[in-house]
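# Geometric and topological summary
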Amino acid sequence: MSGTPEDDPALAAELAKLEAECQQAGRELSTARTVAEAVKFADVSVPSHLKAHARNSVPTLGRLPRALDRRVEEIVKDQLESLRRERAEVVASREFDRIKAVDWSQLRSRYPDLYNKSMREANIILERKRHTK
């Protein structure tokens, strides 16, 4: 096998297939409804023999991490907004517990700063609801 995709049609075909997979992952990522879903969609495995070429030949692969970061922030913002919109403090508190248990474990491990900021924000939202009863 030769060293560059231009010299090797099989390598070029594999890189094109990887690019298509990355583009599909990007489309799925844009529709993710939870942090866990977003992380799963953005996880494209690159075969070891393609890693050396993927950085230069698969542009979408390099964009996926940034797209994931943006989508995770959007999802968390939407989750916090849903807590804000909920009128009943008990329901909002239950929903927050569910979000923390089901979705924010990914957030805590991958995005600790966003997790801490979101926890503070959610607790402020719930505190305001308790005081407006």
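For the structure given in this document, a descriptive report is provided here. Note that the structure is predicted; figures quoted are calculated from it, not measured.

What counts, and where the lines are drawn
Residues numbered from 1 in each chain as written. Predicted model: local features only at pLDDT ≥ 70, side-chain atom pairs only at ≥ 80, totals over all residues. Heavy atoms only, no water. Helix = DSSP H or I, 4+ residues; strand = E, 2+ residues; numbered from the N terminus. Buried < 20%, exposed > 50% of the residue type's maximum accessible area, 1.4 Å probe, protein only. Lys, Arg positive; Asp, Glu negative; His and termini not counted. Salt bridge = Lys/Arg side-chain N within 4 Å of Asp/Glu carboxyl O. Core = buried A, V, L, I, M, F, W, Y, C linked by side-chain atoms within 4.5 Å. Contact = heavy atoms within 4.5 Å.

A few words now on the side chain of E19. Here E19 is to be found in helix α1 (residues 9-30). Although E19 is buried, it forms no salt bridge, and the closest oppositely charged side chain is R63 at an N-O distance of 4.7 Å.

So, on to the pattern of salt bridges. Close approach of charged atoms lets side chains of opposite charge pair. The tally for this structure, following the rule as stated, stands at eight salt bridges. E21 is the salt-bridge partner of K17, the closest N and O atoms lying 3.8 Å from each other. With K17 and E21 both in helix α1 and four residues apart, the pair spans about one turn of that helix. Given the relative accessible area of 35%, E21 is considered partly exposed. Of the charged contacts in the structure, one is a salt bridge between E74 and R71, with a shortest N-O distance of 2.8 Å. With a gap of three residues between them, E74 and R71 both fall in helix α4 (residues 59-85), about one helical turn apart.

Let's shift gears to the nonpolar core. L18, L68, V72, V76, W104 and L107 are the most contacted members of the largest nonpolar core, which has 36 residues in total. Only α1, α2 (35-42), α4, α5 (89-102), α6 (104-110) and α7 (112-131) provide two or more residues apiece to this core. Counting residues per element, this core draws most heavily on α4, at seven residues. Sequence-distant contacts of L18, defined by excluding residues within four places in its chain, comprise V44, S45, V46, L50, A54 and V58.

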